[in-house]
Amino acid sequence: MDTASLIFYLLATLLVIASLLVVFLRNVVHCALALVSALLLIAVLFVTLQAPMVGVLQVMVYAGAIMVLFLFVIMLLNPAALERQRGLWWGFGAMLALMLAGVLVPLVMTNDLPADPVAATELFGSPEMLAKSLFSDFVLPFEIASVLLLVAIIGAVVLAKREN
Amino acid sequence: MSTDLLRWIPLIPLLGSVINLFFGRAMGKQRAGALASAAVGASFALACYLFWQLPATGIFRDLVYTWIQSGSFQVNLAFQVDALTAVMLLVVTGIGFLIHLYSLGYMGHDADMVRFFIYLNLFIFFMLVLIMGDNLLLLFVGWEGVGLCSYLLIGFWYHDDNNTIAGNKAFIVNRIGDLGFIIGIFVLVAELGRQGIWTLDFGELQKHVKMLSPGTITLITFLLFIGATGKSAQLPLFVWLPDAMAGPTPVSALIHAATMVTAGVYMTARLHFLFALAPATLAVIAVIGAATAFFAATIALTQNDIKKVLAYSTVSQLGYMFLAVGMGAFGAAIFHVFTHAFFKACLFLGSGSVIHALGGEQDMRKMGGLKTHMPKTYWTYVVATLAIAGVPFTAGFFSKDLILWQTFSHGAGILWGVGLLTAGMTAFYMFRQLFMVFHGECRADDHAKAHLHESPAVMTWPLMILAVGAIFTGWLGAPEYLWGSRWDHWLAPIFGPAAEHHGTVSTELLVTALTLAVVAAGIYLAYLMYGKPGAQTAQQTANGIFYDISLNKYYVDEIYDFVFVRPFTALATFFASIVDPWVIDGAVNGMAATVRGFSTVWRGLQTGNVQHYAAMFLVGALALLAYYLGQLS
Amino acid sequence: MIALHYYLILSAVVFAIGVVGVLIRRNLIVILMSIELMLNAVNLTFIAFSRYLGSTDGQVAVFFVMAVAAAEAVIGLAIIISVYRHRQSLDPQEMQLLKW
């Protein structure tokens, strides 16, 4: 087994463990921390997949900004009690998810997928490539995304305002 | 002259009815009645004019507008006047006019007089549509219309439930006959249509009916005759006519003697070409006619109500008319319609005069000795009674004898015998009535006696005119050995030349002599039992089983009630109280309950819990994915 | 070299775990976090395909997914704050007013 595979298997295992922790830990803050670690692991996976720019963005935006926001809100609301568990429903949900995985996995195992990656240039995944694509082919979605973020900000302010 | 004139004959009475409907109250009773009478009088004048003009052209037609147009099937609102219609027109409008005048006196004290004249004019309108229509459908419209007016007029004094029940009975029994009529029309149209001819015009029918098979024609004529049985009160659908006497007497005179009940005879005469092709039906008609004549006469023998005697007498005379039809002697049948209209109307109006004089008394056992108090009524009544009995040289003599002769000479010996006996009974019960009402001691109670008076001129003049008609109208149809028949000559364009003599003059004279003998016997028997002074009190005690059966009209109404009405009512009650709430409502409510049941079950899905909903999304997505997985492999 | 399949299977597994979280946790914030997990799994799929097909379109897609996820997280948290103010609870089981 070569290095790349080893790294991959390691990262995959850790990712799965982190996800399980997110879902099954009882303390909300612990869950948040688990999610941060999951996000970081994914960022590393991105880098291994020759998408350095996106990987860095993942760290900065997702793990950095969004998770901080989550933590703010958790601290703000300060939920006191820990959740109770309901066995039947947990079992049912877990089963459904297993079924989902069971259906998805064979679906993605179709044979007409490329096994080996296409030879990549050095520039692949770099900011230049991303920027070229973003500002020429995808300029409209880009602008709309900006508007979307503006709307989100306004919406959040309105929704979370303390009523006088 | 313009043929547009034709449409005015029915239209003027219709207008009279409508004007009285809207303005009658305001005009006042007398003026409304005068308007109605004038309307019918105007129609009569027009009818006379047409009658005078007719021989030149043979037939008048007036197309008002096209009523039904469907493919090649066309039915018009069109009137025609030929020799047959002209005769009927004179009867309907002439006698109708006299009865309108009579009603001005008879109904003069009635608060609802305006409504009476509205209905009466409406009746004249429908009767005219019936006889003037140039196609079978228009005839049927008139047929239904006169049935409606009959119902309205029988139940005229509706505050008494018995009158409305009688009206209902008339309408419902007629309806049963009309069902046969309608089905007959349908079969006729369908069968002719199958041959490619789509029409109900009388002229067209006459040209094409030979295309139909004899079996079909027999079926059609039989169905049409069922309709005639209802309208013209033959066995078994005659039961409404005696009860119809609940209506005012002018109504009985006009509708149930002179005009409406003869519609069945008119219909068969109009369609004579069709009936002539169905000897089986004609045989049935003859038998029913003779049987009805006999049967009704036996009931009339014992009745005590003055109008009931006349009602059963009408049924009996209608039987004679159908006997003539059954023999194929359509001319003779219409001749009897014509003469009968005069003397029967005279009898009914006379009885109305008596009832009016006695302040409403109708039981003959409480009458008697009225001839001194009401001479005009008495003498006209005598003339009419002589006519109906068939005394020589009265109208009834010529028409009835013609029918009996036609029956005999066509070889129907048994039917002739029945007709002969009936003639004897007719003479008997009519003279019984004459003696009971006008001769002997006056048995009326004191209240009625004080009220007794001859009727006013407006009532006695129509009586006198009708009495004259009761004698002289018969002279139009005298047999060959006297001065010949102008009647047959007049109707020749329709029915063909008069049938040749089947027998010799001497046979005919012999038959006539037999008839006269029977009639004389009847009159003498009546005189013995009722006419001789002191005889009447003796009759009160004569009661045998036949008397009871006859008096109770053979319990026909009770039998019908038991056999038909009760099972039907039971069935209707069953449907109303069991099928309707349980089955029909049950089905509808059951569906609603089922839906409600299902919804109660499915409601459980709406838990309000978002996670449950998410799970449901997932299940759906899983199903889809599984399907694609299946597709792939 | 690692075949594409493995990345996709990993992604599917993480996605399924995220679904479990959405279905069974009774804390709104954790539910939202599970949703973020699902989105990231999808991002992983995009990047994997982008690498293996040699096209930057996948990375651009991830870029947009991130932007939208940010917006959605913001609004979601604002709503959670609103709800908490009204109901003093973050348990979705206690918010069943639309029950039949």
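Residues numbered from 1 in each chain as written. Chains lettered and ligands numbered in written order. Predicted model: local features only at pLDDT ≥ 70, side-chain atom pairs only at ≥ 80, totals over all residues.

## Notes on the overall build of chain A
Secondary structure summary: chain A contains six helices and zero strands in total. Each helix and strand of chain A, placed in order from N terminus to C terminus, yields the pattern α-α-α-α-α-α. The burial tally for chain A puts 26% of its 164 residues in the buried class. In chain A, 54% of the contacts between residues at least 6 apart in sequence involve partners at least 24 apart. (Helix = DSSP H or I, 4+ residues; strand = E, 2+ residues; numbered from the N terminus. Buried ≥ 20, exposed ≤ 12 C-beta atoms within 10 Å, placed from the backbone. Contact = placed C-beta atoms within 7 Å.)

## Quick word on the overall build of chain C
Of the regular secondary structure elements, chain C holds three helices and zero strands. The N-to-C order of helical and strand elements in chain C reads α-α-α. Since a compact globule built from 100 residues should have a radius of gyration of about 13 Å, the 17 Å found for chain C marks it as more spread out than a globular shape. Dimensions of chain C, computed from the C-alpha atoms along their principal axes, are close to 50 × 25 × 20 Å. Considering chain C as a whole, with its 100 residues, one finds that 61% of them fall into the buried category. (Rg over C-alpha atoms; globule rule 2.2 N^0.38 Å.)

## Quick word on the pairing of strand 2 (residues 73-81) of chain B
Residues and elements named next belong to chain B. Where strand 1 (residues 60-70) and strand 2 come together, nine bridges link them in antiparallel fashion. Within the sheet, the bridge partner assigned to Y65 lies in strand 2 and is L77. What sits between the antiparallel neighbours strand 1 and strand 2 is a turn of two residues, in which G71 has the positive phi angle 65 degrees. (Pairing = 2+ DSSP bridges.)

## Considering the interface of chain C and chain A
With 60 residues of chain C at the interface, the matching set in chain A holds 69 residues. Sorting the residues of the side of chain C that touches chain A by element identifies helix 1 (4-24), helix 2 (28-53) and helix 3 (57-87) of chain C as the ones contributing at least two each. Tallied by class, the residues present in the side of chain C that touches chain A amount to 45 nonpolar, eleven polar and four charged. (Nonpolar A, V, L, I, M, F, W, Y, C, P; charged D, E, K, R; others polar.)

## Considerations on the packing of helix 13 (residues 279-300) of chain B against helix 14 (residues 306-326) of chain B
Residues and elements named next belong to chain B. At a minimum axis separation of 7 Å, helix 13 and helix 14 run at an interaxial angle of 160 degrees. Considering their axes alone, helix 13 and helix 14 lie roughly antiparallel with respect to each other. For the crossing formed where helix 13 meets helix 14, the hand is left-handed. Taken together, the residues of the contact of helix 13 with helix 14 break down into 18 nonpolar, six polar and no charged. (Axes fitted to C-alpha atoms, helices over the stretch in contact; angles between N-to-C directions. Parallel < 35°, antiparallel > 145°, perpendicular 65-115°, else oblique. Left-handed = near helix turned anticlockwise from the far one by under 90°.)

## A few points about helix 15 (residues 330-357) of chain B
All names here are of chain B. For helix 15, with 28 residues, the first-to-last C-alpha span of 40 Å sits near the 40 Å given by 1.5 Å per residue. At H340, helix 15 shows its maximal kink, close to 30 degrees. Where burial is concerned, most of helix 15 is hidden: 27 out of the 28 residues are buried. (Expected span 1.5 Å × (residues − 1). Bend = angle between axes of the 7 residues up to and from the residue.)

## Some points on the domain arrangement of chain A
A common way to state how big an interface is: give the accessible area lost once the parts meet. Residue and element names in this part refer to chain A. For chain A, the assigned domains are domain 1 (1-79) and domain 2 (121-164). The distance between the C-alpha centroids of domain 1 and domain 2 comes to 21 Å. Facing the four residues of domain 1 at the interface are five residues of domain 2. The residue makeup of the side of domain 1 that touches domain 2, split by class, is three nonpolar, one polar and no charged. (Domains from an automatic or database assignment.)

## Section: the packing of helix 15 of chain B against helix 21 (residues 486-495) of chain B
Residues and elements named next belong to chain B. Contact geometry for helix 15 and helix 21: axes closest at 10 Å, N-to-C directions at 125 degrees. In terms of orientation, helix 15 lies oblique with respect to helix 21. The two elements helix 15 and helix 21 cross, and the hand of that crossing is right-handed. When helix 15 is examined against helix 21, the residues F330, G331, I334 and F335 are found in contact with a partner set consisting of W487, D488, L491 and F495.

## Considering the interface of chain B and chain A
Contacts between the two partners involve eight residues from chain B and, on the opposite side, eight residues from chain A. Looking at side-chain class alone, the side of chain B that touches chain A contains eight nonpolar, no polar and no charged residues.

## Quick word on unusual backbone geometry
Residues and elements named next belong to chain B. Put simply, L235 and P236 share a cis peptide bond, and its omega is -10 degrees. Here P236 is to be found in the loop between helix 8 (214-231) and helix 9 (240-243). Backbone geometry at A233 places phi at a positive 55 degrees, although glycine is not the residue there. Looking at the secondary structure, you find A233 in the loop between helix 8 and helix 9. We note that F393 has phi near 70 degrees; this positive angle belongs to a residue other than glycine.

## Points about the environment of L10 of chain C
Relative to the helices and strands, L10 of chain C is located in helix 1. Each C-alpha atom, one on L10 of chain C and one on R26 of chain C, is 26 Å from the other, the two residues being 16 residues apart in sequence. Discounting residues that sit within four places of it in the chain, L10 of chain C has contacts with A12 and L15 of chain A together with L44 of chain C.

## So, the confidence of the model for chain C
Taken as a whole, chain C shows an average pLDDT of 90; of its residues, 99% reach a score of 70 or greater. Predicted complex metrics record ipTM = 0.92 and pTM = 0.72. (pLDDT = per-residue confidence, 0-100.)

## Section: the nonpolar core
Grouped together as the largest cluster of nonpolar side chains are 199 residues, with contacts concentrated most on F123, A333, I334, A345, C346 and A470 of chain B. Considering every element that reaches this core, the biggest residue donor is helix 4 (residues 113-132) of chain B, with 18 residues. Apart from residues no more than four positions distant in its own chain, A470 of chain B is found in contact with F342, F343, C346, V383, A384, A387, T394 and A395 of chain B. Within the second largest apolar cluster, 80 residues are counted, among which are F46, V60, M66 and L77 of chain C. (Core = buried A, V, L, I, M, F, W, Y, C linked by C-beta atoms within 7 Å.)

## A look at the environment of A32 of chain B
All names here are of chain B. Assignment of secondary structure puts A32 in helix 2 (residues 29-57). The sequence separation of A32 and W52 amounts to 20 residues, and the corresponding C-alpha distance is 30 Å. What A32 contacts, discounting residues up to four positions off in sequence, is N20, G24, M27, V114 and F117.

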